[in-house]
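Listed here are the chains, written in short residue letters.
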Amino acid sequence: MTTTKGLEGIVATTSSVSSIIDDVLTYQGYDINDLTEHASFEEVVYILWNGRLPNQDELNDFSNELAQYAEVPEEVIDQLKALPLDKVHPMAVLRTAISTLGLYDPDADKMDEEANRTKALRIQAQIPTIVTAFSRIRQGKEPVKPNSDLSFAANFLYMLKGEEPNDLEVTAFNKALVLHADHELNASTFTARVCVATLSDVYSGITAAIGALKGPLHGGANEAVMKMLSEIGDVEQVESYIKNAFDNKEKIMGFGHRVYKNGDPRAKFLRDMSKQLTDTTGESKWYDMSVRIEELVTNEKGLLPNVDFYSASVYHSLGIDHDLFTPIFAISRTSGWTAHILEQYANNRLIRPRAEYVGPGKQEFVPLEQR
Ligand SMILES: CC(=O)SCCNC(=O)CCNC(=O)[C@H](O)C(C)(C)COP(=O)(O)OP(=O)(O)OC[C@H]1O[C@@H](n2cnc3c(N)ncnc32)[C@H](O)[C@@H]1OP(=O)(O)O
Ligand SMILES: O=C([O-])CC(=O)C(=O)O
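Residues numbered from 1 in each chain as written. Chains lettered and ligands numbered in written order. Predicted model: local features only at pLDDT ≥ 70, side-chain atom pairs only at ≥ 80, totals over all residues. Heavy atoms only, no water.

## What to know about the site of ligand 2
Moving on, step 1. The immediate surroundings of ligand 2 are formed by His183, Asn186, His218, His257, Arg266, Phe329 and Arg333.
Moving on, step 2. One of the side-chain nitrogen or oxygen atoms of His257 is found 2.7 Å away from an oxygen atom of ligand 2.
Moving on, step 3. Contact between ligand 2 and Arg266: an oxygen atom at 2.7 Å from a side-chain N or O atom of the residue.
Moving on, step 4. In isolation ligand 2 has 270 Å² of accessible area, and contact with the protein removes 85% of it.
Moving on, step 5. Its atoms largely coinciding with the cavity grid, ligand 2 occupies the largest pocket.
Moving on, step 6. Each residue belonging to the shell around ligand 2 can be placed in one class, and the counts come to 1 nonpolar, 4 polar and 2 charged. (Near = heavy atom within 4 Å. Polar contact = N/O pair within 3.5 Å; in protein donor to acceptor, adjacent residues only side chain to side chain. Areas by Shrake-Rupley, 256 points an atom, 1.4 Å probe, with all protein chains shown as cover. 1 Å grid on protein atoms, 1.4 Å probe; cavity = no way out; pocket = protein on both sides within 12 Å on 5 of 7 lines; lining within 4 Å. Sits in = over half its atoms within 2 Å of the grid points. Nonpolar A, V, L, I, M, F, W, Y, C, P; charged D, E, K, R; others polar.)

## Here we look at the layout of surface pockets
Moving on, step 1. Considering only enclosed or pocket space, the largest pocket measures out at about 1500 Å³ in volume.
Moving on, step 2. Every residue lining the largest pocket is counted, 44 residues in all, and those nearest its centre are Asn186, Ala187, His257, Arg258 and Val259.
Moving on, step 3. Each residue belonging to the lining of the largest pocket can be placed in one class, and the counts come to 20 nonpolar, 14 polar and 10 charged.
Moving on, step 4. When residues of the lining of the largest pocket are assigned to domains, at least three map to each of domain 1 (30-216 + 325-346) and domain 2 (221-317).
Moving on, step 5. Within this model, the second largest pocket holds a volume of roughly 550 Å³.
Moving on, step 6. Around the second largest pocket, the lining comprises 23 residues; the ones closest to its centre are Ile10, Ala12, Phe190, Ile351 and Pro353.
Moving on, step 7. Along the lines of polarity and charge, the residues of the lining of the second largest pocket split into 9 nonpolar, 8 polar and 6 charged. (Points joined across faces, edges and corners; volume = space filled by probe spheres on them. Domains from an automatic or database assignment.)

## Here we look at the pairing of strand β2 (residues 24-27)
Moving on, step 1. Across 4 bridges, the pairing between strand β1 (residues 18-21) and β2 is antiparallel. Along β2, the bridge assignment pairs Ile21 with Val24.
Moving on, step 2. The pairing of β2 with strand β3 (residues 30-31) spans 2 bridges and is classified as antiparallel. Bridge assignment links Thr26 to a residue of β3, and that residue is Asp31.
Moving on, step 3. Counted between consecutive antiparallel strands, the loop separating β2 from β3 contains 2 residues, among which Gln28 sits at a positive phi close to 50°. (Pairing = 2+ DSSP bridges. Helix = DSSP H or I, 4+ residues; strand = E, 2+ residues; numbered from the N terminus.)

## Some points on the site of ligand 1
Moving on, step 1. Taken together, 17 residues lie around ligand 1, and His218, Ile252, Gly254, Phe255 and Arg258 are the ones closest in.
Moving on, step 2. Between a nitrogen atom of ligand 1 and a main-chain N or O atom of Leu217, the distance comes to 2.9 Å.
Moving on, step 3. The side chain of Arg258 places a nitrogen or oxygen atom 2.7 Å from an oxygen atom of ligand 1.
Moving on, step 4. Contact with the protein chains covers 64% of the free accessible surface of ligand 1, which is 910 Å².

## Quick look at the packing of aromatic side chains
Moving on, step 1. Applying the stated criterion across every chain, the model contains 9 aromatic pairs.
Moving on, step 2. Arranged with centres 4.6 Å apart and planes meeting at 55°, the rings of Phe255 and Phe309 form a pair that is tilted. Of the two residues, Phe255 is situated in the loop between α12 (238-247) and α13 (267-281) and Phe309 in helix α15 (residues 307-317); the sequence distance between them amounts to 54 residues.
Moving on, step 3. Grouping aromatic residues by their ring pairs yields a cluster made of Phe156, Phe173, Tyr315 and Phe325.
Moving on, step 4. The cationic tip of Lys285 hangs over the ring face of Trp286; the distance from NZ or CZ to the ring centre is 4.6 Å.
Moving on, step 5. Stacked on the ring of Phe246, the Lys or Arg Lys301 has its end atom at 4.8 Å from the ring centre. (Phe/Tyr/Trp six-rings, centres within 6.5 Å; stacked < 30°, edge-to-face > 60°. Lys NZ or Arg CZ within 6 Å of the ring centre and 35° of its normal.)

Purely geometric numbers; function is a separate question.
And the structure:
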């Protein structure tokens, strides 16, 4: 038996959902560069679930379906209102809420393909409603009902703030959603696949995936980047902060990647958006600090920014609370998680690797009264 720490380099499954080959990321064969420039998030979800581009009618129907499912059962909103929202992290709330959502789906345990696709659609449609509802409830406000006339990206910002976003905000947020939608066998997607490979249900798979995304080595890094930027506070302070972090052997959040060693192809889009948005808000310091951190970390350590690094200043510039950054990642990644879950069901085998035993050799059992 061979082991590799963290399963580095191990090919654990075949998949047609997305690929990273020679540092090029594709969803079902479509290059992320094209999708980020030209596709709506709804179109990307369609591609991930169907393996091809929709025509205009198909896209209209699919977008309408997503919009129609966006309302969340009142019981789930009532549960949110009863939670200690000022004391817990939104990712813990989201993990609980998606699990609760499954309790109100009469088809939660129905396992045929159509039922599983409908569950994927429900979760994708309702996860923004849940995130925005608890954001508003914890501010003492009523949740805003989804507006089916708006795109997925615009509707999220509308439900979050209670007012319609401008075009720049919608374009930036849509791009961020497209860029986070899927990423081959990352930790949370693997978690989802392991979970449903026992023939457990879609809600369990997504709940498990949210738990894996929450950690700061994965999706939680975007919030951690914003915490670092806030602590630094000013471009003049970057150098001493980063030097201190290096001296203390601390990781710089938003840098490094298990697969990309020549840079994450998603980072450049987020860097550009960060520049554009911070210019617009008049708070260019968030972009300036980020660029200076990148210079120092890349020069000193050869590490490059990943998707989480510039997404922090993008979401901050969109006026989004910092602890909602990872839930937003989950909203987008639900499209990839569900695509992988459907793919796993379609060709399932239990995922059960082995562990190389490194514990003690044979030990003599001594009865309790003789110890
Ligand atoms: C959406 C996403 O999940 S993207 C990743 C988000 N996570 C982060 O941004 C957290 C910061 N980054 C990291 O912790 C890592 O780079 C990971 C988790 C992304 C990848 O981890 P691994 O593939 O296991 O790389 P590993 O941790 O072994 O790093 C290799 C070397 O680079 C160093 N390194 C890697 N990332 C960083 C970093 N961000 N800051 C400082 N040093 C780093 C490690 O300390 C290690 O050094 P060593 O060989 O001297 O011990
Ligand atoms: O692929 C990974 O390991 C992490 C990542 O970038 C993602 O999930 O988007």
